[in-house]
Amino acid sequence: MRTCVQPTGVFRVGIHRPRYDVMNLREEEALFPLGTFEDGSVHNNSANFPAGDISETHARPIYEIANPFFFRGSTFIDSGWAEDRVKDPHAIAIPPQPHCSLQEALAGVVDTQDIDRILVSLPRPLLYDFAA
């Protein structure tokens, strides 16, 4: 998968359904209370110290979204994180950048014709950075 948008305009995403086995190599347990619940019962860390090896057969799916530019790779998103944001998609929005203009910043300092000559003479990578 090299892009998240097919030529037909359909958005596509890869879904990974992980499963794994882990040997429990801990020699000691460090059991202790982590705090109390609202009802006063003790919450301890015993879940972090399983009795034997762990076999996870149904881990949460991971979504793989190929970035539009292949050289930017892919983004991997935990399905639990994504489902929490379905209710409010704006929670992951990037705020718009404030208005910014090199020409306006240089106005009054450099003559308008000089600005045009400067921009034409800049190396392409720098122009790309300005455009971004």
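Preceding this paragraph is the structure being described.
Chemist: Would you take a moment to explain the side chain of Glu64 for this structure?
Modeler: When you line up the elements, Glu64 lands in strand E6 (residues 62-66). Despite being buried, Glu64 has no salt bridge partner; Arg12 is the closest side chain of opposite charge, sitting 9.5 Å away. At a separation of 2.6 Å, a polar atom in the side chain of Glu64 contacts the side chain of His16. At a separation of 3.2 Å, a polar atom in the side chain of Glu64 contacts the side chain of Ser74.

Chemist: Would you explain the sheet that holds E6 in this entry?
Modeler: Sheet strands line up and pair through hydrogen bonds in the backbone, either parallel or antiparallel. Spatially, 3 strands are ordered E1-E6-E7 in an open sheet, and the strand pairing comes out antiparallel. Of all strands in the sheet, those bounded by a partner on one side alone are strand E1 (14-16) and strand E7 (74-78). Averaged over all pairs of adjacent strands, the angle between strand axes in this sheet comes to 25°, irrespective of strand direction. Sheet topology note: the E1/E6 ladder contains 3 bridges and is antiparallel. Of the residues in E6, the one forming a bridge with Ile15 is Tyr63.

Chemist: Please explain the pairing of E6 as it appears in this structure.
Modeler: A regular strand places its side chains so that they alternate between the two faces of the sheet. Alignment of E6 against E7, held across 5 bridges, turns out to be antiparallel. Residue pairing across strands places Ile62 opposite Asp78, the latter belonging to E7.

Chemist: Mind showing me how you'd approach a nonpolar patch on the surface here?
Modeler: A cluster of nonpolar side chains, Val5, Phe11, Val13 and Ile15, forms an exposed patch at the surface whose accessible area comes to about 340 Å². You can see Ile15 is positioned in strand E1.

Chemist: Explain the pairing of strand E3 (residues 33-36) to me, please; I cannot follow it from the model alone.
Modeler: In terms of strand pairing, E3 meets strand E4 (residues 42-44) through 3 bridges, oriented antiparallel. Residue Gly35 lies in a different strand from E4, and its bridge partner there is His43. Remark: 5 residues form the turn of the hairpin made by E3 and E4, two consecutive strands paired antiparallel; Gly40 in that turn has positive phi of roughly 95°.

Rules used throughout
- Residues numbered from 1 in each chain as written.
- Predicted model: local features only at pLDDT ≥ 70, side-chain atom pairs only at ≥ 80, totals over all residues.
- Heavy atoms only, no water.
- Helix = DSSP H or I, 4+ residues; strand = E, 2+ residues; numbered from the N terminus.
- Buried < 20%, exposed > 50% of the residue type's maximum accessible area, 1.4 Å probe, protein only.
- Lys, Arg positive; Asp, Glu negative; His and termini not counted.
- Salt bridge = Lys/Arg side-chain N within 4 Å of Asp/Glu carboxyl O.
- Polar contact = N/O pair within 3.5 Å; in protein donor to acceptor, adjacent residues only side chain to side chain.
- Pairing = 2+ DSSP bridges.
- Axes fitted to C-alpha atoms, helices over the stretch in contact; angles between N-to-C directions.
- Patch = residues over 30% accessible without salt bridge, like charges linked within 9 Å, V, L, I, M, F, W, Y side chains within 5 Å.
- Areas by Shrake-Rupley, 256 points an atom, 1.4 Å probe, with all protein chains shown as cover.

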